[in-house]
2 protein chains.
Amino acid sequence: MSLLVTGSIAIDSVETPHGRMDDVLGGSAVYFSLAASLFSPVRMVGVVGEDFDLGRFKPLADKRIDTHGVEVRRGSKTFRWHGKYAGAMNNAETLGVELNVLAEQGPPIPPAFADSRFVFLANTHPALQREFARQFGRADLLVCDTMNLWIENEQAELRKTLGVVHGLVLNEGEARLQTQEMNLVKAGREILKLGPRFVVIKKGEHGSLLISHDDLFIMPPYPTEKVVDPTGCGDSFAGGMMGYLAAQGRVDRDTLRAAMARGSVVASFVIESFSVEALSRVTAADVERRLGELREMSRVV
Amino acid sequence: MSLLVTGSIAIDSVETPHGRMDDVLGGSAVYFSLAASLFSPVRMVGVVGEDFDLGRFKPLADKRIDTHGVEVRRGSKTFRWHGKYAGAMNNAETLGVELNVLAEQGPPIPPAFADSRFVFLANTHPALQREFARQFGRADLLVCDTMNLWIENEQAELRKTLGVVHGLVLNEGEARLQTQEMNLVKAGREILKLGPRFVVIKKGEHGSLLISHDDLFIMPPYPTEKVVDPTGCGDSFAGGMMGYLAAQGRVDRDTLRAAMARGSVVASFVIESFSVEALSRVTAADVERRLGELREMSRVV
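Now for a description of the structure that goes with this document. Here the structure is a predicted model, which means the values were calculated and not measured.

## Here we look at the sheet that holds strand S6 (residues 79–85) of chain B
Two pairing modes exist for strands in a sheet, parallel and antiparallel, and in both the strands are linked by backbone hydrogen bonds. Residues and elements named next belong to chain B. One open sheet accounts for four strands, arranged S3-S2-S6-S7; its pairing is mixed. Strand pairing shows two members of the sheet lacking a second neighbour, strand S3 (19–26) and strand S7 (92–98), which therefore form its edges. Shown here is a sheet whose adjacent strand axes are inclined to one another by a mean of 15°, direction ignored. Of the pairings in the sheet, the one linking S6 to S7 comprises six bridges and is antiparallel in character. Looking across to S7, one finds that Tyr-85 is bridged to Ala-92.

## Observations concerning the packing of helix H2 (residues 126–134) of chain A against helix H4 (residues 155–162) of chain A
Residues and elements named next belong to chain A. Look at H2 against H4: their axes get within 8 Å of each other, and the N-to-C directions meet at 25°. Taken as axis vectors, H2 and H4 run roughly parallel relative to one another. Like other packed secondary-structure pairs, H2 and H4 cross with a definite hand, here left-handed. Facing H2, whose interface residues are Pro-126, Ala-127, Gln-129 and Arg-130, H4 presents Glu-157, Leu-158, Lys-160 and Thr-161. Its residues placed into classes, the contact of H2 with H4 shows three nonpolar, two polar and three charged.

## Concerning the relation of the copies chain A and chain B
Superposition of chain A onto chain B requires a rotation of 180° combined with a translation of 0.0 Å along the rotation axis, giving an RMSD of 0.0 Å. The transformation just described matches what one would write down for a two-fold rotation axis. The share of interface residues of chain A whose copies in chain B are also at the interface is 100%, consistent with both copies meeting through the same surface.

## Quick look at the interface of chain A and chain B
Counting from both sides, the interface comprises 38 residues of chain A and, opposite them, 38 residues of chain B. Here chain A meets chain B over a buried area of about 3200 Å², counting both sides, of which 53% is carbon and sulfur. Here chain A is connected to chain B by 10 salt bridges. The salt bridge involving Asp-254 of chain B is made with Arg-299 of chain A; its shortest N-O contact spans 3.4 Å. The interface formed by chain A and chain B includes 26 residue pairs in polar contact (both at pLDDT 80 or more). Elements represented by at least two residues in the side of chain A that touches chain B include exactly helix H5 (172–179), helix H6 (184–192), strand S13 (215–219), helix H8 (253–270) and helix H9 (284–297) of chain A. Among the elements that make up the side of chain A that touches chain B, the one with the highest residue count is H8 of chain A (six residues).

## Overview of a nonpolar patch on the surface
Together, Val-97, Leu-99 and Leu-102 of chain A make up an exposed nonpolar region whose accessible area comes to about 240 Å². With respect to the helices and strands, the residue Val-97 of chain A is situated in strand S7 (residues 92–98).

## Structural notes on helix H1 (residues 28–36) of chain A
Within H1 of chain A, nine of the nine residues are buried, which leaves the element mostly enclosed by the surrounding structure. Among the residues making up H1 of chain A, those that are buried are Ser-28, Ala-29, Val-30, Tyr-31, Phe-32, Ser-33, Leu-34, Ala-35 and Ala-36 of chain A.

## Side note on the environment of Ala-247 of chain A
Residue and element names in this part refer to chain A. Within the secondary structure, Ala-247 is located in helix H7 (residues 233–248). A residue is classified by how much of its surface remains accessible, and Ala-247, at 43% relative accessible area, is partly exposed. Between the alpha carbons of Ala-247 and Ala-122 there is a distance of 19 Å; along the sequence they are 125 residues apart. If we skip the residues at most four places from it in the chain, Ala-247 touches Phe-39 and Ser-40.

## Some details on the packing of aromatic side chains
Following the criterion strictly, the structure yields six aromatic pairs over all chains and no others. With centroids separated by 5.9 Å and ring planes inclined at 80°, the aromatic side chains of Phe-39 of chain A and Tyr-244 of chain A adopt a geometry described as edge-to-face. Of this pair, Phe-39 of chain A sits in the loop between H1 and strand S4 (42–49) while Tyr-244 of chain A sits in helix H7, and the two are 205 residues apart along the sequence. Pairing Phe-52 of chain B with Phe-57 of chain B gives two aromatic rings, centres 5.2 Å apart and planes at 55°, and the pair type is tilted. Residue Phe-52 of chain B shares its accessibility class with Phe-57 of chain B, and that shared class is buried. Here the guanidinium or amino end of Arg-290 of chain A rests over the ring plane of Phe-269 of chain A, the centre of that ring lying 3.8 Å away.

## A look at empty space enclosed by the protein
In this approach the atoms are scanned with a rolling probe the size of a water molecule, which exposes any empty space left behind. Scanning all chains against the criterion turns up one cavity of 30 Å³ or more. If you add up the space inside the largest cavity, you get close to 60 Å³. In terms of lining, the largest cavity is formed by 13 residues, of which the most central are His-206 and Pro-221 of chain A together with His-206, Pro-220 and Pro-221 of chain B. Residues that form the lining of the largest cavity fall into these classes: eight nonpolar, three polar and two charged.

## As for unusual backbone geometry
You will see that Gln-180 of chain A, though not glycine, has its phi angle at about 55°, which is positive. Position of Gln-180 of chain A relative to the elements: it lies in the loop between H5 and H6. Judged by its relative accessible area of 62%, Gln-180 of chain A falls in the exposed class. The backbone of Asn-100 of chain B sits at a positive phi, close to 50°, despite the residue not being glycine.

## Comments concerning the environment of Arg-253 of chain A
Its location among the elements puts Arg-253 of chain A in helix H8. By relative accessible area, Arg-253 of chain A is classed as partly exposed at 29%. Along the chain, Arg-253 of chain A and Leu-209 of chain A lie 44 residues apart, while their C-alpha atoms are 13 Å from each other. Not counting residues up to four positions away in its chain, the partners in contact with Arg-253 of chain A are Asp-214 and Asp-215 of chain A together with Glu-296 and Arg-299 of chain B. A polar contact of 3.1 Å, which involves the side chain of Arg-253 of chain A, links it to the side chain of Glu-296 of chain B.

## A closer look at the sheet that holds strand S5 (residues 65–73) of chain A
Residues and elements named next belong to chain A. In space, the nine strands of this open sheet follow the order S5-S4-S1-S8-S9-S10-S11-S12-S13, with mixed pairing throughout. This sheet does not close on itself; its edge strands, each paired only once, are S5 and S13. Put simply, the sheet's adjacent strands are angled 15° from each other on average, direction ignored.

## Structural notes on the pattern of salt bridges
Counted by the stated rule, this structure contains 52 salt bridges over all chains. Ionic pairing is found between Arg-20 of chain A and Glu-15 of chain A, a salt bridge with its closest N-O pair at 3.0 Å. Here Arg-20 of chain A falls in the partly exposed class, since its relative accessible area comes to 47%. Notably, a salt bridge pairs Arg-130 of chain B with Glu-157 of chain B, separated by 2.8 Å at the nearest N-O pair. Residue Arg-130 of chain B is located in helix H2 (residues 126–134), and its partner Glu-157 of chain B is located in helix H4 (residues 155–162); the two are separated by 27 residues in the primary sequence. With a relative accessible area of 19%, Glu-157 of chain B lands in the buried category. One network of salt bridges, in which partners are shared, links Asp-215, Arg-253, Asp-254 and Arg-257 of chain A together with Glu-296 and Arg-299 of chain B.

Cut-offs applied
Residues numbered from 1 in each chain as written. Chains lettered and ligands numbered in written order. Predicted model: local features only at pLDDT ≥ 70, side-chain atom pairs only at ≥ 80, totals over all residues. Heavy atoms only, no water. Pairing = 2+ DSSP bridges. Helix = DSSP H or I, 4+ residues; strand = E, 2+ residues; numbered from the N terminus. Axes fitted to C-alpha atoms, helices over the stretch in contact; angles between N-to-C directions. Parallel < 35°, antiparallel > 145°, perpendicular 65-115°, else oblique. Left-handed = near helix turned anticlockwise from the far one by under 90°. Contact = heavy atoms within 4.5 Å. Nonpolar A, V, L, I, M, F, W, Y, C, P; charged D, E, K, R; others polar. Least-squares fit on C-alpha atoms with pLDDT ≥ 70 in both. Buried area = accessible area lost by both parts, 1.4 Å probe. Salt bridge = Lys/Arg side-chain N within 4 Å of Asp/Glu carboxyl O. Polar contact = N/O pair within 3.5 Å; in protein donor to acceptor, adjacent residues only side chain to side chain. Patch = residues over 30% accessible without salt bridge, like charges linked within 9 Å, V, L, I, M, F, W, Y side chains within 5 Å. Areas by Shrake-Rupley, 256 points an atom, 1.4 Å probe, with all protein chains shown as cover. Buried < 20%, exposed > 50% of the residue type's maximum accessible area, 1.4 Å probe, protein only. Phe/Tyr/Trp six-rings, centres within 6.5 Å; stacked < 30°, edge-to-face > 60°. Lys NZ or Arg CZ within 6 Å of the ring centre and 35° of its normal. 1 Å grid on protein atoms, 1.4 Å probe; cavity = no way out; pocket = protein on both sides within 12 Å on 5 of 7 lines; lining within 4 Å. Points joined across faces, edges and corners; volume = space filled by probe spheres on them.

So, in structure tokens, the structure goes:
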């Protein structure tokens, strides 16, 4: 099934205990697309400024990523993010952000992409997510991400958006903030009441949870020992998950579990390098091998 | 195989978002013994003051718990702890502590208990743990717990103790503090270098990890929705684990995994009530049923 993502394309500067990388490729649509392309062709929608050197997309070349939905906007500048991870590296501290083109109107969806059946709306203003969602009338599966900023400041808009999507992917802190419920299973069930058929709660090094009307799935984490840079892990998780679902063409209980497992394992590669370095090299066979290891490591006897 | 625990017997006052209980039975040896007795007879060693009403042990009656190793010390007062849990209830805030009899010498091991083959040394000063350990020359398995206080202030003593035990059970914060390593798998491997053959790292609501020379096991958490009072969860985890191991009489790779699974599930009951209320009612059949649910909920497809 056709898969599309709307999200950011960024120039990142990242500091971690392992070093610092300046002006590297980042952004939710980039990580998502690379991860999804392991399983399915993917259509990428985003916008950059005229300062963006398209040579930066080299890691996306030779992948099943259609970049025709990337708008290069004259007179605008590309989104830039500068962040730092410390300690257990579970959370990024934003040291600087230049929204630039992301503060302007969203990119147009190319007409040829309107028939997309699986759609992921990466984190952005919930009203913009809904505007994108409106353009995919034939979608079988609309899933979105969100963040603290919208939960705190745009709750009414976010609730409207949750009313039109089928799935929500967010992290544990966001789930607790949205519901004021500390228990994550209860938090997930509260979110289901707002509309989504399923909620995926990402817990970083602790794995993830899937809560739906017919399932509660505890996805164990792959125990990565080489933690270099967590940037993009969440978007890669979503990319691996959506790519697998699009490849299967269905969203039943076991396929959702299998998709989450792929997303989780793909993210375990992303964290092992700065930017998209590891992600652009990993293969579907690598993912299946690591998933086999994880099944054995989490086998409850 | 014979199982013995040395640990505290306490009178607790606990505050959680669900209410407050004053002067209830607690202590590591109590939680451990109740949990272990689901799988194996257990010998309990501890000390109380003359203020301790033995009627408080009513929840231990009719269980396979031998309390002959409980000393009632004349002229001394029982250990008291007053704690509070807030938010996600992952950590207790100690509001008050009266060490009382725990600040004095440890209780004697009854001669009839010296032949114990499986021994758990609950958290106390590492020198006292080692003094206990010395008295169990025939033990097949010596496992201990520890806490931040000893990691920070008695590192030399703790290292000596880790040199004589076979296993260590501690929580994620303690593992990071001990090793100055944020990555828990690496932290576990660092601890193995100090002597233990295996390390169990408890992550509260996120499950637990087993790290040994021949295994890395990711134990998923049972997703408890009813979280009333986490007091005693760690000791019950250890009790369930050690009770199962003693019942099997062996400590191979799969038996250790199976034991951790039982410990983890027993703890999921403890958290559902104040004090030992739920723990004293649970049966081995309840544990197996919940473990079956957990296997299904964490099945990676």
